[in-house]
Each structure stands twice: as C-alpha cells, then as structure tokens.
Amino acid sequence: MSKNVGLFWLKDDFRFKRNLALIEATKNHDQVVAFYLYKKQKFESQEAQKWWVLKSLEEFKKKLEKQNINLEIIEVNTYRSFFDKLFHKENFSIYWNKVYEPNYLKFDNYLSKNFKNKRIQFKIFKGNILNEFNEVLKGDGTPFKVFTPFWRNAEKVYLDKIPLQEKKISKCKNRTSFFKNTIKLDQLLSTKDIYKKFEKNWQPSEEIATKKLKSFIQDKINEYSEGRNFPNNFGTSKLSPYIKHGQIHVETVWEECIKIKKKGVNKFLAEIGWREFNHSLINFFPHMLSGNYSKKFDNFPWEKNKKFLTAWKKGLTGYPIVDAGMRELNSTGWMHNRVRMITGSFLVKHLLIDWKEGEKYFKNCLLDYNEANNISGWQWVAGCGADAAPYFRIFNPILQGEKFDKEGDYVKKWVPELKNLPKKFIHRPWEVKDKKILNLGKDYPEPIVIHEHARSKALAAFKNL
Ligand SMILES: Cc1cc2nc3c(=O)[nH]c(=O)nc-3n(C[C@H](O)[C@H](O)[C@H](O)COP(=O)(O)OP(=O)(O)OC[C@H]3O[C@@H](n4cnc5c(N)ncnc54)[C@H](O)[C@@H]3O)c2cc1C
C-alpha cells in the first residue's frame, strides 16, 4: 500500500462497477479522495446537464462515504488553472478514466507530461466505451467513415478482448480530506421549475441504471427492432442519460444483453455501436466539432429566422409531431430518437436553419447531451455528416406522424390543445373546418411553413451544393 493519498478525478463516471480508476485507487491506497471540478461557465449553456450532474454528485457522495472516501467539489474556471497548482503539491498519486472527446484527450497528454516531469504517480484508464477508437481501423490503417463495416469490425475487436476480469472497489481504511476551498453541493443546487419536472421523471443513480437495463431486457428488448420507432410506446431503454454520465458502463450493457437469446439484442447493441462510431468520428475528424464534416456544406445558404427558430424551440410550428417532440424535450430533458430525427429535419430542411442552432438548443436541454452523439446526430440529419441521411431525404412530418403515432397518443400527450381532435386530423389540424373543434391560429398555430413549398425550396437549395 502506498502511503500517499490516492486522488480520483471524477468526471462522467458515477459508478462503482467497471470504474477502473476508482478501483485501482482503492486497491493501492488506504486513503482515497474523489474530487469533481465544477465549471460554472460550462453549465450556463447546459442547464439540463447541470441538474443531472448535481444530483449525481449528491447521490455518489453518499455512496463513496460508505467506502470511507470523501468527495470534494472544487469550483474552477479552467481545468488547467487547477492542475497547474496541483503539480506543486506532494504526497499523492492520481487516477482518472478517459472521456473520449478531443479536448479531454489532448488535456490528458498535457497532464501526463507534467505529472511525469514532477515525478508524481498517475494512471489513466479506459473510460465508458467498448473499444478505444484507435483500435478499430480499416485494413489500411485509416478510420471507418461508414457505420456498417465499422460496427462489424468493432464487434470483432471487442469479442477478442472479453472476458475481461471484473475487479471491485475496496473499502478504504479511513476517511481523509485533501483540498482546501471546496464547495458544498447545496450552494449549487437551485430550484428552477424545470428541475422540479426532472425530479418527477428521473433518478440519477447507478442502481436505477442497472434496474432499468434489466427491466428493459426482460420486457422490451424482444420487440426493440420495431418498438423503438414508436415514440409513445416506451420501446427504448431510456438509458442514455445514465450512459452519458457513466452510471452504467457500456460493457455492462453488452454483458447483460449477450447473456440472453432474445430477438432485438443485435439491433439494440448496434445502437450502442452508433455511439462508438460517433466517438470514433469526432476523434478522427475533430473539425466536425465546430463545422461540417463534409466541407461542401460550408457555403450552404442557411437562413436566419428568429421567429421560426423560436417557434421550433417552443413547439409552436403548427406541425403536431414536431411540436410534441419539442415539448417532450422541454418538459423532461429527453426526446425519443425518431422524433429527434423529425424535429431535426424540420429545423434544417423545412426552415433551412443551420443545424448548429439545433445542436446548441439540444445541448442545453438534453439530460443525455453528449458531444459525439449530438454533433453526429445533427450532421446525420442535415446530410453533412459521415454516413448521413442524403439531402433528398426530407422527413414529411405529416406522414411520419401518421406512421409512427397512428392513434395520435403521443401528440395528445404533449400537445393537449389537440386532444379532442378526431384521429384523421391529429397530424393535419389545418384540415379541421369546424371552429368548435379547433380554432386554428387561436387554439393552436397555423403551420409556419407549407410542407410542399418548404420541401421544394430545400431540395433546390441542397441540389445547388
Ligand atoms: C439530432 C439528434 C441528436 C442527438 N443527440 C444525442 C445526444 O446528445 N446524446 C445521446 O446520447 N444521443 C443523442 N442522439 C441519439 C439518440 O437519439 C439517443 O441516444 C436515444 O434517443 C436515447 O434514448 P434511449 O436511451 O432510449 O436509446 P436506446 O434506443 O435504448 O439505445 C440504447 C443506447 O444506445 C445509444 N444510442 C441509441 N441511439 C443512438 C444513436 N442514434 N446514435 C448514437 N447512440 C445511440 C445511446 O447511448 C442509448 O442510450 C441524438 C440523435 C439525433 C437524431
């Protein structure tokens, strides 16, 4: 056992199971301190994330204390300013898991160089991913740009590695503190109305994540291939915020899935595969974090229309399935994948608004916001990403609604003004002629654009690329 204190830098890893850095710290040290660096500025544009992180800190702190580990929260402006001071401290070793975003990985290099120079013991571990992105490459050593061959290869690479040995957290001898100027969680938690809504819908914890996975596998995975398309069907796992914040490791998801022989497992794991693919993309092609993956989109004539953008954000476009999706997002911090595609396509193709506006809004509202998935999801929708939807694929919000929300239950849930509409009008309320049933323009907005016109305009603009 080392006499030094073992420091564990907590980022998106609110779990004990498969938390390699924390496990190693408790194996090597009698005294371990976990610390979280709270960047106030970051959460100003990620309000939903702020709630999830603070709730997770609250819950994880109690869990760590049972293992005699203190969790210390330190407010910082930049990670660099914090670590530049830490390099001058002594009597500690430090451990952390990787976050697969180019900025984090670049910073890991900076830290490694400095810890080495100062002869401070440190160790960096694999984070929440199946394969390190540079393990999955084409035969010629270049990265994949198309999902299907990527995933075929990635599955093989992963299967070659398992079974991995499962290690466990050890209880520390006694609790200790390490940092001065730590802050208390109740200084950070606020009581916004939206947070009250989150409280009703979500419980950020490792235990809940595990339970959710198990009940999804037991009750839903069989029907997943079809069920995942229907937004009112609860056919998906809703694990995304837990995976994002590391309350569950994707290796655990994989392990639990392959234990059973049920239909839908392969399709479900392929979605985890899209997450792997997106992480590979942003690391091999980091230019896509601030612009288009496909450069030919750089001169696309996006339109600036504040009125349209606001109507989209508020769920007041006059297209029920789009409005239902945006209101689901605004109320719960989550939106069903099919509806993310429909609302995204509507913003980019019907309104011709830059996908970056949508990306920014989702980033602020999503509890599962994840750089790789959000950037790639938006570029997929816009057609400028790798292996993206072609420009001529313009989701028709009326037909999408009629196909995937046949009975209109999803719309009625989130757009209550339409709850008395007969089924045949639910996705085309402008066809209601009886004002007693619906006074269009008063009870519910008229469509902000006409689908056919918007479609032709978008096709013409995209064709010119
Ligand atoms: C415009 C747009 C933006 C998106 N932004 C995000 C985001 O910020 N964070 C995020 O996690 N996902 C994002 N997605 C992907 C997807 O919509 C969500 O992961 C999914 O809806 C989460 O619900 P679930 O956990 O029930 O998924 P399930 O269907 O149960 O899938 C299980 C897990 O697989 C992963 N996954 C599922 N679908 C996808 C996908 N299409 N791409 C990548 N990974 C996937 C997620 O980790 C998910 O939790 C976005 C998609 C689009 C079209």
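Reading the values: rules and limits
- Residues numbered from 1 in each chain as written.
- Predicted model: local features only at pLDDT ≥ 70, side-chain atom pairs only at ≥ 80, totals over all residues.
- Helix = DSSP H or I, 4+ residues; strand = E, 2+ residues; numbered from the N terminus.
- Rg over C-alpha atoms; globule rule 2.2 N^0.38 Å.
- Buried ≥ 20, exposed ≤ 12 C-beta atoms within 10 Å, placed from the backbone.
- Domains from an automatic or database assignment.
- Contact = placed C-beta atoms within 7 Å.
- Nonpolar A, V, L, I, M, F, W, Y, C, P; charged D, E, K, R; others polar.
- Near = placed C-beta within 6 Å.
- Core = buried A, V, L, I, M, F, W, Y, C linked by C-beta atoms within 7 Å.
- Axes fitted to C-alpha atoms, helices over the stretch in contact; angles between N-to-C directions.
- Parallel < 35°, antiparallel > 145°, perpendicular 65-115°, else oblique.
- Pairing = 2+ DSSP bridges.
- Right-handed = clockwise from strand over helix to strand, strands pointing away.

1. Remarks on the overall build of the protein
Summing up its helical and strand segments, the protein has 20 helices and five strands in all. Taken against the 2.2 N^0.38 rule, which gives 23 Å for 465 residues, the C-alpha radius of gyration of the protein at 24 Å falls within 12% of a compact globule. Expressed along its principal axes, the backbone C-alpha trace of the protein runs to roughly 80 × 55 × 45 Å. Considering the protein as a whole, with its 465 residues, one finds that 39% of them fall into the buried category.

2. Brief notes about the domain arrangement of the protein
Taken domain by domain, the protein consists of domain 1 (5–127), domain 2 (128–165 + 195–284) and domain 3 (295–463). Each partner contributes residues to the interface: domain 2 has 21 residues there, and domain 3 has 24 residues. Where the side of domain 2 that touches domain 3 is concerned, the elements lending two or more residues are helix H7 (193–201), helix H10 (240–244) and helix H12 (265–284). In terms of residue count, the dominant contributor to the side of domain 2 that touches domain 3 is H12 (five residues). Along the lines of polarity and charge, the residues of the side of domain 2 that touches domain 3 split into nine nonpolar, seven polar and five charged.

3. What about the site of the ligand?
In the vicinity of the ligand there are 27 residues, among which Thr236, Ser237, Ser240, Asn374 and Gly377 approach most closely. Mapped onto the shell around the ligand, the elements with two or more residues apiece are H10, H12, helix H15 (337–350) and helix H17 (371–382). A per-class count over the shell around the ligand returns ten nonpolar, ten polar and seven charged.

4. Remarks on the nonpolar core
In terms of nonpolar packing, the biggest core is built from 108 residues, with Leu7, Phe8, Ala34 and Val411 touching the most fellow members. Here this core takes eight residues from helix H3 (residues 47–65), the largest share from any one element. The residues contacting Phe8, other than those within four sequence positions of it, are Ala21, Leu22, Ala25, Val32, Ala34, Tyr95 and Trp96.

5. A closer look at the environment of Ala454
Its location among the elements puts Ala454 in helix H20 (residues 451–463). With 19 C-beta atoms counted inside 10 Å, the residue Ala454 sits in the partly exposed group. For Ala454 and Ile394, which are 60 residues apart along the polypeptide, the C-alpha to C-alpha distance reads 9.9 Å. With residues near it in sequence (within four places) discarded, Ala454 still touches His350 and Val449.

6. Describing the packing of helix H6 (residues 147–161) against H12
Packed helices, taken two at a time, are described by the angle between their axes plus the distance between the axes. H12 packs onto H6 with a crossing angle of 105° between their chain directions and a minimal axis gap of 10 Å. Here H6 is positioned roughly perpendicular relative to H12, judged by the angle of their axes. Together, Phe147, Phe150, Trp151 and Ala154 of H6 and Ala270, Gly273, Trp274, Glu276, Phe277 and Ser280 of H12 make up the contact between the two elements. Here the residues of the contact of H6 with H12 are counted per class, giving seven nonpolar, two polar and one charged.

7. Digging into the environment of Lys123
Structurally, Lys123 is set in strand E5 (residues 122–125). A residue is classified by how many C-beta atoms lie within 10 Å of it, and Lys123, with 16 of them, is partly exposed. Between the C-alpha atom of Lys123 and that of Lys3, which follows or precedes it by 120 residues, the distance is 17 Å. Residues contacting Lys123, with those up to four places away along its chain left out, are Glu24 and Tyr95.

8. Focus: the pairing of E5
In this structure, strand E4 (residues 92–97) lies alongside E5, joined through four bridges in parallel fashion. Bridge pairing in E5 places Tyr95 opposite Lys123. Tracing the backbone out of E4, into helix H5 (residues 102–117) and back to the parallel element E5 gives a crossover that is right-handed.

9. A look at the packing of H12 against H17
The geometry of H12 relative to H17 is characterised by a closest axis approach of 8 Å and an angle of 90° between their N-to-C directions. Judged by the inter-axis angle, H12 sits roughly perpendicular to H17. Residue-level contacts link Arg275, Asn278, His279, Leu281 and Ile282 of H12 to Glu371, Ala372, Asn373, Ile375 and Ser376 of H17.

10. Structural notes on the environment of Gly383
Along the chain, Gly383 falls in the loop between H17 and helix H18 (397–404). Taking the C-alpha atoms as reference points, Gly383 and Arg393, separated by ten residues in sequence, lie 8.7 Å from one another.

11. Here's the deal with unusual backbone geometry
In this model, Arg18 sits at a positive phi of 60°, which is unusual for a non-glycine residue. The topology assignment puts Arg18 in the loop between strand E1 (5–9) and helix H1 (20–28). Phi at Asn181 is positive, roughly 55°, even though this residue is not glycine. Relative to the elements of secondary structure, Asn181 occurs in the loop between H6 and H7. You can call Asn181 exposed: it has 7 C-beta atoms within 10 Å.

12. Quick look at the sheet that holds strand E2 (residues 32–38)
Spatial ordering of the open sheet is given by E3-E2-E1-E4-E5, a layout of five strands whose pairing is parallel. If you trace the sheet from one side to the other, it starts and ends with strand E3 (70–75) and E5, each paired once. Adjacent strand axes in the sheet meet at a mean angle of 25° when their direction is disregarded. Helix-sheet contacts for H3 involve E2 and E3, and the interaxial angle to E3 is about 145°.

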